[in-house]
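# Examination of the molecular architecture
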There are 2 protein chains.
Amino acid sequence: MSEGPIFQRVALIGLGLIAGSMSLAMREGGLAARVVGYARSAETRDTAREIGLVDEVVDSAAEAVAGADLVVLAVPVGAMGAVAAEIAPHLAPGAILTDVGSVKQSVIDAVGPHVPEGVHFIPGHPLAGTEHSGPRSGFATLFRNRWWLLTPLPDSDPEAVEKLSALVRAMGANVDRMEAPHHDLVLAVTSHVPHLIAYTMVGVADHLRRVTESEVVRYSAAGFRDFTRIAASDPTMWRDVFLHNKDATLDILGRFAEELFVLQRAIRMGDGEHLHKYFTGTRAIRRGIIEAGQDTAAPDFGRAAAKAVR
Amino acid sequence: MSEGPIFQRVALIGLGLIAGSMSLAMREGGLAARVVGYARSAETRDTAREIGLVDEVVDSAAEAVAGADLVVLAVPVGAMGAVAAEIAPHLAPGAILTDVGSVKQSVIDAVGPHVPEGVHFIPGHPLAGTEHSGPRSGFATLFRNRWWLLTPLPDSDPEAVEKLSALVRAMGANVDRMEAPHHDLVLAVTSHVPHLIAYTMVGVADHLRRVTESEVVRYSAAGFRDFTRIAASDPTMWRDVFLHNKDATLDILGRFAEELFVLQRAIRMGDGEHLHKYFTGTRAIRRGIIEAGQDTAAPDFGRAAAKAVR
């Protein structure tokens, strides 16, 4: 597929983990003739310039999007609306406008009204990330073998959707399409509530740390260590996720609390049979995930750390 | 330190992940002149024989411990008492008896009364594991750079404790000592409750899978994927952990539920400031863990899977 770049000028609004990784992936693959970036923070812009994250860092969102045939909103979900309002008058006719927010319906509600006639708004969400953030955190392979969900609107131009899909695939990801509300429910289960739970557990440990001094950190066994990794994710991004996917998050949290109380009661009553049955059932889901190719069966509970030391 | 083996005959009761890894580590390091193993299940014994996991697999616990200068109880916490009663008459005078259970006070209560005069009972707990179990799951490097907590009794012979510690260190682990009740509280926070939460979240997803078909599995993002890995751990082992560390688990679960409800309320009320402050705080703990050398800063949210595929 060495047919030259898919887009002539890509404008990245926001220069964090996702945008940075997109730039590196697009440049590595020759997928964009020119990648222009803008971030609200002058410090982020300076860093991006220093490390050559994009072809050009500009000092306004308007300047970035001028003449771009692809504009990517890569800012926290809560900032999408304001950014859309700011860039709307400067968007080129025929341009594709997408985003990478973890919540889709609220982004559609916030951005949609600002999109000018003739611009193709195709919301998207790459299911990829690490616990790191900022302009130095990106890497070209972030999207490889990951899903990138698109939630086109009923009137989205199929050709524009296909063009964006081609870019996503060229960066190594798999594309799937679904409706925005459905996306938000699926992600509440698979990502948003698990993150909230990890944050909570780490918070509990933090209180107890005062009791047990540094032991909680020192003896952080596998379970907790994985939680702290999750709980180190970007606070602003996650605040916005929960505020903007409120209904689905609260729904799943309610189910989680019910379920936890049933297990808690089994522990209190000494009902080992219930616990064993429950824990046996959860193994099957794990097998499903391995079979779906989204993880390997290789054990890595803390193994990465051991390898790094030896 | 090529001074020959530390122990002459090591008896492993139970041939799962921990015992198997101990055998492999001891043999790799020449730490035991002979490693004898027993497991209750004939299938496990056959597998262990087939793969040569230990020097000799015997068909009774009594036979295994006869003449051993180190006996390791590597069975689920709930089975420790019965095994101790069975082997007690066959323990050699001067032998060291240890265990690898994830809960310490209940093991002391169950095993202690059976230990004959002249046998040194030194409870222990290696903070190491993977989500795999059984005789094929062990590997020699499992304990490297991990903590191995010993909870000696007030009358434990210091020389015996030192000898066991030497073995543990020779297998690559770091030794620390603490009192059993304190161990159980620290582990409730860092391991037991996080595991229960992971089991619960995977259970919630399982219910919803019927609603959203296979999408929950297909789009398992980083948070959930890490949870399923934890929730694939051995059901019998974990049932016993919760039943035998009931008080500390229920205490921490109570704190967790309180904390979660406060965050849930913040989401419901749209209190972004509270969420942001909370999420910022949890990052600091993560940094503490990296500084304590129990994990690396390298991002690996799903990266292992991507690498395996490419």
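Conventions and cut-offs
- Residues numbered from 1 in each chain as written.
- Chains lettered and ligands numbered in written order.
- Predicted model: local features only at pLDDT ≥ 70, side-chain atom pairs only at ≥ 80, totals over all residues.
- Heavy atoms only, no water.
- UniProt positions renumbered as here; feature names shortened; annotations may be inferred.
- Salt bridge = Lys/Arg side-chain N within 4 Å of Asp/Glu carboxyl O.
- Helix = DSSP H or I, 4+ residues; strand = E, 2+ residues; numbered from the N terminus.
- Buried < 20%, exposed > 50% of the residue type's maximum accessible area, 1.4 Å probe, protein only.
- Phe/Tyr/Trp six-rings, centres within 6.5 Å; stacked < 30°, edge-to-face > 60°.

You'll find chain A entered in an unreviewed UniProt entry as prephenate dehydrogenase, with Paracoccus salipaludis given as the organism. Note on chain A: under the UniProt heading Catalytic activity (unreviewed entry), the record states "prephenate + NAD(+) = 3-(4-hydroxyphenyl)pyruvate + CO2 + NADH". In UniProt, chain A has this text filed under Sequence similarities (unreviewed entry): "Belongs to the prephenate/arogenate dehydrogenase family."

## So, the pattern of salt bridges
The final tally for this structure, using the stated rule, is 24 salt bridges over all chains. Salt-bridge contacts for Asp59(A) lead to Arg45(A); the nearest nitrogen and oxygen are separated by 2.9 Å. You can see Asp59(A) sitting in the loop between strand 3 (56-57) and helix 3 (61-65) and its partner Arg45(A) sitting in helix 2 (residues 42-51), a full 14 residues away along the chain. The exposure class assigned to Arg45(A) is buried, which follows from its relative accessible area of 12%. One salt bridge connects Lys104(B) with Asp99(B), and the closest N-O pair in it is separated by 2.8 Å. For Lys104(B), a relative accessible area of 0% translates into the label buried. A relative accessible area of 0% means that Asp99(B) is categorised as buried. It is possible to trace a salt-bridge network through shared partners that takes in Arg45(A), Asp46(A), Arg49(A) and Asp59(A).

## Considering the packing of aromatic side chains
The tally for this structure, following the rule as stated, stands at ten aromatic pairs over all chains. Centroid distance Phe256(A) to Phe256(B): 6.3 Å. Interplanar angle 70 degrees. Geometry classified as edge-to-face. Of this pair, Phe256(A) sits in helix 11 (residues 246-269) while Phe256(B) sits in helix 11 (residues 246-269), each in a different chain. A network of ring pairs unites the aromatic residues Tyr199(A), Trp238(A), Phe242(A) and Phe279(B) as a single cluster.

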